[in-house]
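Spelled out from the first residue to the last, the chains are:
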Amino acid sequence: MEAPLAERIRPQHLSDYISQLHLVGPSGSLTQQIEKGIIPSLLFWGPPGTGKTTLAQIIAQESKRPFYVLSAINSGVAAVREVIDKAKQSGGIFTAKNPILFIDEIHRFSKSQQDSLLAAVEKGWITLIGATTENPSFEVIPALLSRCQVYVLNPFTKTDLEALLQRAMTVDPYLQSKNIHLIETEALLRLSGGDGRKLLNIFELVVNASAESEIQITNERVLHLVQQNTVLYDKTGEQHYDIVSAFIKSIRGSDPNAAVYWLARMIEGGEDVKFIARRMLILSSEDIGNANPTALIMANNTFQAVATIGYPESRILLSQCAIYLATSPKSNASYMAIGNAQALVKQTGDLAVPLHLRNAPTKLMKELGYGEEYQYSHNYANNFSEQEFLPDAIQATKFYEPGNNSRENGVREFLKNRWKDKYNY
């Protein structure tokens with residue numbers, strides 16, 4: 001019983017894997033790839049304890065591939081190259097035996113470490129599977145990200161966690177030897193925060209602390225044994241998402257007092273400063289936009305600054321930015337405009353670019369009329385010539401409606417003067 005419970009009952013086959021049906025269910029996006037053994041390089045993105053490592057091991061086992069493991073915490077470029085050299089010797093190129101290199105917490109790799117993987121992935125010496133709890137768009141270099149498929153693993157649901165407990169009691173010999181009665185599960189599930197590994201650790205702790213011949217798992221027993229080790233803010237659990245949601249909504253609602261309170265909750269819980277700053281950066285465009293364009297500059301500078309200085313001083317910068325954004329005029333006009341435009345693109349497809357807007361770098365294109373009737377705006381009064389810039393099928397379609405604030409009311413007047421009644425500003 002030396003290994004932790006989570007390790008002892010780790011599934012070895014896809015049929016034993018719990019949750020993530022959108023990936024490995026009967027119609028899951030990974031199911032057929034695993035069955036055929038044709039696996040692209042992957043990035044598994046999800047909270048801790050949702051089965052990223054287990055799924056990588058199952059993929060390697062069921063596709064009968066050599067499996068190499070590195071942890072980004074303690075592996076450098078030399079370790080990466082050593083494993084790649086071994087992989088080149090043990091497998092073929094783009095075959096069923098193509099070795100898998102699994103890198104846990106790949107977001108902790110530096111740019112140079114991630115660069116060292118590129119050639120091996122590109123040439124098929126390895127199939128990379130990376131696991132990350134952070135958004136790959138921000139933490140994985142674009143060149144590597146473009147060579148990988150990103151799959152999102154969801155936090156375990158209540159049903160998933162209960163199934164995990166039942167599986168533990170069914171398959172683990174040590175637990176089978178105990179007379180365990182699972183009377184209540186609410187405390188176990190709440191303390192786990194959706195983390196399967198944490199759930200099993202707590203469950204094992206409660207079982208091991210019980211000397212009775214019949215072990216009754218109740219909420220009271222669990223809280224008595226575990227509560228002193230819990231924190232008010234779980235960076236990876238449900239409260240993480242609830243508190244950041246309250247933080248963003250407080251800023252959107254122009255309440256600086258509530259904003260700094262929820263900010264303090266995240267700071268005291270040890271939240272990643274980049275995560276907080278990143279959310280404010282998104283909000284500065286989504287909820288403020290052109291009502292105050294300086295908000296985006298402020299948020300971006302804050303993001304760069306806190307990433308440099310870290311805690312505890314970054315709390316001051318985060319507070320300044322949160323208060324600035326909360327007290328700024330608000331507009332979601334840009335956010336709505338791109339949403340409206342994307343919806344129409346999906347509806348109308350690839351409409352042809354009008355001839356007068358097309359580029360004409362060759363003689364043939366010029367003969368076909370490319371760019372022929374284009375009016376160069378700077379040749380006209382006020383640097384403006386009224387002409388159509390949209391495809392014929394959607395002429396005069398308005399996507400952007402300026403917000404009702406002092407700056408965008410000025411934008412509205414500008415557009416009304418330029419476009420008269422065309423867009424009905």
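Residues numbered from 1 in each chain as written. Predicted model: local features only at pLDDT ≥ 70, side-chain atom pairs only at ≥ 80, totals over all residues. Heavy atoms only, no water.

All right, on to the packing of aromatic side chains then. Inspection of every chain in the model, using the stated rule, returns five aromatic pairs. Relative to Trp419, the ring of Phe384 lies with its centre 5.0 Å away and its plane at 90°, an arrangement referred to as edge-to-face. Of this pair, Phe384 sits in the loop between helix 20 (363-367) and helix 21 (406-419) while Trp419 sits in helix 21, and the two are 35 residues apart along the sequence. Centroid distance Trp419 to Tyr423: 5.5 Å. Interplanar angle 80°. Geometry classified as edge-to-face. For the pair Trp419 and Tyr423, one class covers both residues: buried. (Phe/Tyr/Trp six-rings, centres within 6.5 Å; stacked < 30°, edge-to-face > 60°. Helix = DSSP H or I, 4+ residues; strand = E, 2+ residues; numbered from the N terminus. Buried < 20%, exposed > 50% of the residue type's maximum accessible area, 1.4 Å probe, protein only.)

Summed over all chains, the structure comprises 15 salt bridges. Of the charged contacts, one joins Arg147 and Glu122 as a salt bridge, the two residues approaching to 2.7 Å between their closest N and O atoms. In this pair, Arg147 is assigned in the loop between helix 8 (142-145) and strand 5 (149-152) and Glu122 in helix 6 (residues 111-122), connecting sequence segments 25 residues apart. For Arg147, a relative accessible area of 33% puts it in the partly exposed group. Looking at Glu122, the relative accessible area reads 48%, which means it is partly exposed. Across the salt bridge formed by Lys398 and Glu401, the nearest N and O atoms sit 2.7 Å from each other. (Salt bridge = Lys/Arg side-chain N within 4 Å of Asp/Glu carboxyl O.)

With that settled, consider a nonpolar patch on the surface. A grouping of Tyr374, Tyr376 and Phe389 is seen on the molecular surface, where their side chains present a nonpolar patch of about 310 Å² in accessible area. With relative accessibility at 45%, the residue Tyr376 sits in the partly exposed group. (Patch = residues over 30% accessible without salt bridge, like charges linked within 9 Å, V, L, I, M, F, W, Y side chains within 5 Å. Areas by Shrake-Rupley, 256 points an atom, 1.4 Å probe, with all protein chains shown as cover.)

Turning our attention to the nonpolar core. In this structure, Phe247, Ile251, Leu263, Ile276, Met280, Leu318 and Leu325 are the most contacted members of the largest nonpolar core, which totals 27 residues. Of all elements in the fold, only helix 14 (238-252), helix 15 (256-268), helix 16 (273-288), helix 17 (294-309) and helix 18 (314-326) reach the threshold of two or more residues within this core. When residues of this core are assigned to their parent elements, the largest contribution, eight residues, is made by helix 16. Beyond its immediate sequence surroundings of up to four residues, Ile276 is in contact with Phe247, Leu263, Met266, Glu271, Tyr311 and Leu318. (Core = buried A, V, L, I, M, F, W, Y, C linked by side-chain atoms within 4.5 Å. Contact = heavy atoms within 4.5 Å.)

Moving on to the side chain of Ser19. By the element assignment, Ser19 lies in the loop between helix 1 (5-8) and helix 2 (21-24). Exposure remark for Ser19: the relative accessible area of 11% places this residue in the buried category. Among the polar contacts listed, one links the side chain of Ser19 to the side chain of Asp160, at a separation of 2.9 Å. Ignoring sequence-local partners within four residues, the contact set of Ser19 consists of Val24, Phe156 and Asp160. (Polar contact = N/O pair within 3.5 Å; in protein donor to acceptor, adjacent residues only side chain to side chain.)

The next thing to look at is the sheet that holds strand 4 (residues 127-132). Think of a sheet as strands paired side by side through backbone hydrogen bonds, with each pair either parallel or antiparallel. If you walk across this open sheet you meet the five strands as 2-3-4-1-5, and the pairing is parallel. Two strands in the sheet have a free side with no partner beyond their single neighbour: strand 2 (67-71) and strand 5. Within this sheet the neighbouring strands show an average axis-to-axis angle of 20°, counted without direction. Where strand 2 lies against strand 3 (residues 100-104), five bridges are found, and the strand directions are parallel. Within strand 3, the position partnered with Val69 by the bridge is Phe102. (Pairing = 2+ DSSP bridges. Axes fitted to C-alpha atoms, helices over the stretch in contact; angles between N-to-C directions.)

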